[in-house]
Amino acid sequence: MHLPASHQNENLYAAVLRSPDLNKADSGFVTILDKNNKVISNIGGTIPVYSNGTLQPMAQELQILHNPHDVCIDDDENIYVAQWASGKVYPYKFTRV
């Protein structure tokens with residue numbers, strides 16, 4: 001799992017290049033961790049599930065992203081996601097709602 005990451009406030013935003021492992025192209029998502037390193041959300045990915053305190057495997061659920069490679073957060077907490085090998089698309093901007 002490839003996880004370039006950005007910090008914003010107390011959260012860590014990381015790109016998951018491929019899921020559930022590196023063998024599946026076009027299967028990425030963005031994961032968000034809180035200050036305790038607990039996954040709290042996945043943009044385009046499955047809902048994070050913990051069993052007995054252990055994070056269960058996660059994977060792409062919606063093909064919003066293909067191969068996210070980097071995540072940046074601006075001062076308004078908008079999320080910008082750059083992708084690798086994704087048909088030369090511009091970075092996506094996810095606006096906080």
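The sections below set out a description of the structure shown in this document. (Residues numbered from 1 in each chain as written. Predicted model: local features only at pLDDT ≥ 70, side-chain atom pairs only at ≥ 80, totals over all residues. Heavy atoms only, no water.)

**Points about the overall build of the chain**
From N to C terminus, the chain includes zero helices and nine strands. Element order for the chain, N to C, with α for helix and β for strand: β-β-β-β-β-β-β-β-β. For 97 residues, the compact-globule formula gives about 13 Å, and the C-alpha radius of gyration of the chain, at 13 Å, lands near that figure. Counting all 97 residues of the chain, 36% fall into the buried class. Across the chain, the fraction of contacts at a sequence separation of at least 24, relative to all contacts at a separation of at least 6, is 34%. If you sum the accessible surface of the chain, you get close to 6,100 Å²; carbon and sulfur atoms cover 51% of it. For the chain, the distance from the average position of its 7 positive side-chain charges to the average position of its 10 negative side-chain charges is 5 Å. (Helix = DSSP H or I, 4+ residues; strand = E, 2+ residues; numbered from the N terminus. Rg over C-alpha atoms; globule rule 2.2 N^0.38 Å. Buried < 20%, exposed > 50% of the residue type's maximum accessible area, 1.4 Å probe, protein only. Contact = heavy atoms within 4.5 Å. Areas by Shrake-Rupley, 256 points an atom, 1.4 Å probe, with all protein chains shown as cover. Lys, Arg positive; Asp, Glu negative; His and termini not counted. Charge placed at Lys NZ, Arg CZ, Asp CG, Glu CD.)

**With respect to unusual backbone geometry**
Following Ser 19, the chain continues to Pro 20 via a peptide bond in cis, the omega torsion being 0 degrees. Here Pro 20 lies in the loop between strand S2 (11–16) and strand S3 (29–33). You will see that Asp 26, though not glycine, has its phi angle at about 55 degrees, which is positive. Its location among the elements puts Asp 26 in the loop between S2 and S3. You will see that Glu 77, though not glycine, has its phi angle at about 65 degrees, which is positive. In this structure, Glu 77 sits in the loop between strand S7 (68–73) and strand S8 (79–83).

**Some words on the packing of aromatic side chains**
Evaluated as defined, the whole model comprises zero aromatic pairs. Over the ring of Tyr 50 we find Lys 38, and its NZ or CZ is 5.1 Å from the ring centre. (Phe/Tyr/Trp six-rings, centres within 6.5 Å; stacked < 30°, edge-to-face > 60°. Lys NZ or Arg CZ within 6 Å of the ring centre and 35° of its normal.)

**Some details on the pairing of strand S4 (residues 39–43)**
Relative to S4, S3 runs antiparallel, the two being bridged by four bridges. Across the sheet, Ile 32 pairs through a bridge with Ser 41, a residue of S4. (Pairing = 2+ DSSP bridges.)

**Quick look at the environment of Ser 51**
For Ser 51, the location among the structural elements is in strand S5 (residues 50–51). In this structure, the C-alpha to C-alpha distance between Ser 51 and Leu 65, residues 14 residues apart in sequence, is 27 Å.

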